[in-house]
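Survey of secondary and tertiary structure
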Amino acid sequence: MKNILINILISLFSIIGILLIIEFFLIKIDYSQPHLSRYDYEVGVRHMESSQGFYIKESKKKISINKQGIRVPNDNKDFLYSKQKPANVFRISVYGDSFTEGLQVSFHERFTHIMETELNKCKFKPKSNIEIINFGLSGTGQARQFLIQQGWTKEFETDMVLNIAYMNDVRNNVKRLEMNNHLPYWKLSGNSIIQDNSFRELASFQKKIKYSNLRMKIVNNFRFLQFLTQGYEIYKKKASQKGHQDLREKWKKNIPENGSIYDGDDWIYGWNVFLNGLKYWNNVLENDGKKLFLASAYFNSTSIPKKYSEKLKIPQINFDQLMEIESKKNGYFYFPVSEYMKNREKELGEDFDKHEYSDTGHYNNIGHREWGLILSKRICNHWEASRTQTLTK
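Since this is a predicted model, take the numbers as computed values, not measurements. (Residues numbered from 1 in each chain as written. Predicted model: local features only at pLDDT ≥ 70, side-chain atom pairs only at ≥ 80, totals over all residues. Heavy atoms only, no water.)

Among the nonpolar cores identified, the biggest contains 76 residues, and Ile92, Leu162, Trp271, Met323, Trp371, Leu375 and Trp383 are the most heavily contacted of them. Broken down by element, the residue count for this core peaks at 10 residues, all from helix α9 (residues 265–287). Apart from the residues lying within four places of it in its own chain, the contact partners of Trp383 are Phe90, Ile92, Leu119, Cys122, Phe124, Lys125, Pro126, Ile130 and Met160. Within the second largest apolar cluster, eight residues are counted, among which are Tyr39, Val45, Tyr185 and Phe205. (Core = buried A, V, L, I, M, F, W, Y, C linked by side-chain atoms within 4.5 Å. Buried < 20%, exposed > 50% of the residue type's maximum accessible area, 1.4 Å probe, protein only. Helix = DSSP H or I, 4+ residues; strand = E, 2+ residues; numbered from the N terminus. Contact = heavy atoms within 4.5 Å.)

Our next topic: the environment of Ile193. With respect to the element layout, Ile193 can be found in strand β10 (residues 192–196). Considering only alpha carbons, one finds Ile193 and Leu278, 85 residues apart in sequence, at a separation of 9.7 Å. Residues contacting Ile193, with those up to four places away along its chain left out, are Trp186, Lys187, Leu188, Val273, Asn276, Gly277 and Tyr280.

Compared with the 39 Å implied by 1.5 Å per residue over 27 residues, the 39 Å span of helix α1 (residues 2–28) between its first and last C-alpha is a close match. Asp30 sits one or two residues past α1 and shows a positive phi near 60°. (Expected span 1.5 Å × (residues − 1).)

Before going further, it helps to spend a moment on the pattern of salt bridges. Taken as a whole, this structure holds 17 salt bridges when the rule is applied. Close ionic contact of Arg344 with Glu347 constitutes a salt bridge, the shortest N to O distance being 2.5 Å. Within this pair, Arg344 and its partner Glu347 are both found in helix α12 (residues 338–348), separated by three residues, close to a single helical turn. Residue class for Arg344 comes out buried when judged on its relative accessible area of 18%. Several salt bridges converge on common partners, so that one network encompasses Arg38, Asp40, Arg46 and Glu49. (Salt bridge = Lys/Arg side-chain N within 4 Å of Asp/Glu carboxyl O.)

Two aromatic rings, taken as a pair, are described by how far apart their centres are and by the angle between their planes. Using the criterion set out here, one finds 31 aromatic pairs in the structure. Plain terms: the ring middles of Phe319 and Tyr334 are 5.9 Å apart, the flat faces sit at 80° to each other, and that makes the pair edge-to-face. With Phe319 in helix α11 (residues 319–330) and Tyr334 in strand β12 (residues 333–334), this pair connects stretches of sequence that are 15 residues apart. Just as Phe319 is buried, Tyr334 falls in that class too. Note on Tyr363 and Trp371: the rings are 5.5 Å apart at their centroids and 80° apart in plane angle, and the pair reads as edge-to-face. A residue is classified by how much of its surface remains accessible, and Tyr363, at 6% relative accessible area, is buried. According to the relative accessible area criterion, Trp371 is buried, its value standing at 0%. Chaining the aromatic ring pairs together yields one cluster made of Tyr95, Phe135, Phe146, Trp152, Phe156, Trp186, Tyr280 and Trp281. Taking NZ or CZ as reference, Arg176 lies 4.1 Å from the ring centre of Tyr269, over its face. (Phe/Tyr/Trp six-rings, centres within 6.5 Å; stacked < 30°, edge-to-face > 60°. Lys NZ or Arg CZ within 6 Å of the ring centre and 35° of its normal.)

Their axes nearest at 10 Å, the elements helix α4 (residues 142–150) and α9 cross at an angle of 10°. The orientation of α4 with respect to α9, classified from their angle, is roughly parallel. Each of Gln142, Gln145, Phe146, Gln149 and Gln150 in α4 lies in contact with α9, whose residues at this interface are Phe274, Leu278, Tyr280, Trp281, Val284 and Leu285. Of the residues in the contact of α4 with α9, the class split is seven nonpolar, four polar and no charged. (Axes fitted to C-alpha atoms, helices over the stretch in contact; angles between N-to-C directions. Parallel < 35°, antiparallel > 145°, perpendicular 65-115°, else oblique. Nonpolar A, V, L, I, M, F, W, Y, C, P; charged D, E, K, R; others polar.)

Now for the sheet that holds β12. As summarised here, the arrangement of the five strands in space is β7-β6-β8-β11-β12, forming an open sheet in which the pairing is parallel. The open sheet is flanked by β7 (129–134) and β12, the only strands paired with a single partner. As paired strands, strand β6 (residues 89–95) and strand β8 (residues 160–165) are joined by four bridges and run parallel to one another. Across the sheet, residue Ile92 finds its bridge partner in β8, namely Met160. (Pairing = 2+ DSSP bridges.)

Structurally, the position occupied by His368 is in helix α13 (residues 365–392). A residue is classified by how much of its surface remains accessible, and His368, at 0% relative accessible area, is buried. Ignoring any residue separated from it by four or fewer positions in sequence, one finds His368 in contact with Phe99, Gly102, Val105, Glu109, Arg110, Phe111, Ile114 and Tyr363.

Below, the structure written as structure tokens:
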């Protein structure tokens, strides 16, 4: 019995020793891939507070999230945004998905940082200092971005709410398109938006809040656990890809003759939710004395159902054209940059989504730079026009 106990202790200490060696080796080579997000009762998922490590997919970038759950520069990881902004600051809060989040580029390469720099040069800026907070989060559509804006980020006083739309949003907003039970969604009752937060009551989600978040915190403190977790993440990614393939097969069953998967009933429903959701978000903001501002990255026109082209009598309508019409009709403001970004890529002879490791559609540093430059120009022009209208009244 004594010998068995000794052997168990020797084996235990040997395993601990090996793990310590692996841990120190991973620290030595600066390996760090922590969880950068966690489960959240209010919005499903949000950034993991006080986390720092590498994002390695399209490229390798070090990411720092402060204790407020907001990405900050790596050399100033303890920086905190003031909830009550200074009197001389005009603050823009930006909401969007992974395009907005921009994990593929450094903090200072992101379009929002480019915008902040350029807008501070705009002679028509409303106040002496322009500050932009980027609340972008991967995998979100407007249904979740709305909750983020109306939830914990509302504590940060802001002057302008800017939403960045992308093609995936149409799917992300609708449960039967996204096929993930653990997230909030929008659904329609007539043309009215209904918030579906039923995920909060699921026992499986409550377990994730309680146990998965604890597991992720533990993993974030040990490099060897982060290394082991990567294998599981690769497996989940393959399963997710298969799920999306199955979903596309489902969409094909509802396609009209001479149509694409984007003309099926489910996708058209998603578009109805998307358009009515923007109107709903703007109406809520108007009750707070604000307005919704909307822009996009490049938005593929083929994902827009043909019914909009037919209804508006515009052959192969693009996102800029559609949103110009919708925004004027529903009271929010749209900055057209989608077609500019498509043409700018050709004009420069650059591939805006070419990265070191893989190309998945997200902008690289050149794409972010051009995006930030044109969007800041559009906003500056808007401020100029607003000032001119005020002076002529």
